[in-house]
Amino acid sequence: MDERKGDPLGKFIREVEKGQENALEITKKVLEGGKENVTIALQNRELQPEPLQPPERKESPGRAHVFQDVKGFVAYLGKYKSKDTVVFADTREMTVYAVLDEKAQNGFEVVTFQPAVHPLFMPWNEVVGKVTEIRLFAEFLLRNRRVIVEPDARALVLTFSQIRLATKTTMNMGRGLSSINGVMVETEIQGTSDKEPVDLPEMVKIKTPLFVETSEVELELDLLMSPAGDGVAVTVSSGSMAEKKYEAFGEMLAEVAKIEGVVISLGRPGSKPWDYLEK
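Let me begin by describing the structure that accompanies this report. Everything numeric in this text was worked out from a predicted model, so none of it was measured.

What counts, and at which threshold
Residues numbered from 1 in each chain as written. Predicted model: local features only at pLDDT ≥ 70, side-chain atom pairs only at ≥ 80, totals over all residues. Heavy atoms only, no water. Buried < 20%, exposed > 50% of the residue type's maximum accessible area, 1.4 Å probe, protein only. Helix = DSSP H or I, 4+ residues; strand = E, 2+ residues; numbered from the N terminus. Arc of directions from axis to C-beta. Polar contact = N/O pair within 3.5 Å; in protein donor to acceptor, adjacent residues only side chain to side chain. Core = buried A, V, L, I, M, F, W, Y, C linked by side-chain atoms within 4.5 Å. Contact = heavy atoms within 4.5 Å. Pairing = 2+ DSSP bridges. Axes fitted to C-alpha atoms, helices over the stretch in contact; angles between N-to-C directions. 1 Å grid on protein atoms, 1.4 Å probe; cavity = no way out; pocket = protein on both sides within 12 Å on 5 of 7 lines; lining within 4 Å. Points joined across faces, edges and corners; volume = space filled by probe spheres on them. Expected span 1.5 Å × (residues − 1). Salt bridge = Lys/Arg side-chain N within 4 Å of Asp/Glu carboxyl O. Phe/Tyr/Trp six-rings, centres within 6.5 Å; stacked < 30°, edge-to-face > 60°.

## A few points about helix 4 (residues 134-143)
Of the residues making up helix 4, those classed as buried are Ile134, Phe137, Ala138, Phe140 and Leu141. Seen from one end, helix 4 has its buried residues packed into an arc of 160 degrees, which puts them on one side. In this structure Glu133 caps helix 4, since a side-chain oxygen of it lies 3.1 Å from the backbone nitrogen of Arg135.

## What about the nonpolar core?
By size, the foremost hydrophobic cluster in this structure holds 47 residues, and its most contacted members are Phe73, Leu77, Trp124, Leu141 and Phe160. Counting residues per element, this core draws most heavily on helix 6 (residues 241-256), at six residues. Setting aside residues no more than four positions away along its own chain, Phe160 makes contact with Ile134, Phe137, Ala138, Leu141, Leu200, Pro201, Leu223, Met225 and Val234.

## Some details on the pairing of strand 13 (residues 216-228)
The side chains of a regular strand alternate, first on one face of the sheet and then on the other. Across seven bridges, the pairing between strand 12 (residues 203-209) and strand 13 is antiparallel. Its bridge partner lying in strand 13, Lys205 is registered against Glu220. The antiparallel pairing of strand 12 with strand 13 creates a hairpin that spans six residues between the two strands, and Glu213 there sits at a positive phi of about 65 degrees.

## Overview of the sheet that holds strand 3 (residues 66-67)
Taken in spatial order, the five strands of this open sheet run 3-6-5-4-15, and their pairing is mixed. One side of each edge strand has no neighbouring strand; the edge strands of this open sheet are strand 3 and strand 15 (263-266). Taken together, the four bridges between strand 5 (residues 95-99) and strand 6 (residues 110-113) define a ladder with antiparallel strand orientation. Following the sheet pairing, Val96 is matched in strand 6 by Phe113. Lying over the sheet, helix 2 (residues 70-80) contacts strand 3, strand 4 (86-90), strand 5 and strand 6, oriented at roughly 155 degrees with respect to strand 6.

## Overview of unusual backbone geometry
Between Glu150 and the following residue, Pro151, the backbone shows a cis peptide bond with an omega angle of -10 degrees. With respect to the secondary-structure elements, Pro151 resides in the loop between strand 8 (148-150) and helix 5 (153-165). Phi is positive for Glu213, which is not a glycine, with a value near 65 degrees. With respect to the helices and strands, the residue Glu213 is situated in the loop between strand 12 and strand 13.

## Observations regarding the layout of surface pockets
By volume, the second largest pocket amounts to about 160 Å³. Around the second largest pocket sit Ser271, Lys272, Pro273, Trp274 and Asp275, which together line it.

## Examining helix 6
In this model, helix 6 (16 residues) spans 23 Å end to end at C-alpha, consistent with the 22 Å of a helix rising 1.5 Å per residue. Along helix 6, the residues classified as buried are Met241, Lys245, Ala248, Phe249, Met252, Leu253 and Val256. Seen from one end, helix 6 has its buried residues packed into an arc of 150 degrees, which puts them on one side.

## Describing the pattern of salt bridges
Following the criterion strictly, the structure yields ten salt bridges and no others. Linking Arg63 and Glu109 is a salt bridge whose minimum nitrogen-to-oxygen distance equals 2.8 Å. Of the two residues, Arg63 sits in the loop between strand 2 (36-46) and strand 3 while Glu109 sits in the loop between strand 5 and strand 6, which places them 46 residues apart along the sequence. Note on Arg63: relative accessible area 30%, which makes it partly exposed.

## Some remarks on the environment of Leu142
Within the secondary structure, Leu142 sits in helix 4. Relative accessible area serves as the criterion here: at 43%, Leu142 is assigned to the partly exposed category. For the pair Leu142 and Phe160, spaced 18 residues apart in the sequence, the C-alpha separation amounts to 9.8 Å.

## Observations concerning the packing of aromatic side chains
Within the structure shown, the criterion is met by six aromatic pairs. Arranged with centres 5.1 Å apart and planes meeting at 50 degrees, the rings of Phe67 and Tyr76 form a pair that is tilted. Of the two residues, Phe67 and Tyr76, neither departs from the other in class, the shared state being buried. When the centroid spacing of 5.6 Å and the interplanar angle of 25 degrees are considered together, the rings of Phe73 and Phe113 count as stacked.

Encoded structure:
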């Protein structure tokens, strides 16, 4: 080929624009009389852009779910348990821990069940053990009177409200058969004063579920009156609350115990690093 005229075929093969491709197609046909006809077709076309590759995702984190209802917790373990699942129940913290694979080599996954306190019981649970000024306690009774079964809720709220509206209150803490115990309310109207003793209840009984999706229970709460500055304060206590909570938690544990093929025990999961000998 004459180099002065260049080499069109070689140039076509060597020089390719970015984003394009050159194709060479050779066609050979046999004509009449046995004569061959060779056709060379040069083609140039644009390349289709390569599809975008999604970024590489990191490894999924370990499962650490927290369930608040026992039915969902039991259903989850029933589906995702392994032959090496171990369940621990901590009665002090009212929490159940499930180690999904006790033989896991790359870290243990632990899911927990912490029963949610029922909305009706939550205010009472928070007021137990606290000292509350009697005016604030009257407002508390008014907001949460729906669960009070004894004494009459309306009369109870009225009694504490009467003390709240009193001009002066006196706390009597006597001893003996003839002593006076209780609160003395003194009111003054148009220059005259009147003293009237008010008997405050020593106990209030409520009926409410302690946790979500548990049955109702009756709970007795003791009311202790004490002087607080110029007024009176109320301390709420309950000797049976811990027992009732344990009984409700025990009912939920009975549902967990129905899961087949897992080890269940009282306690909580724990681990520690291995000790190695120095070389």
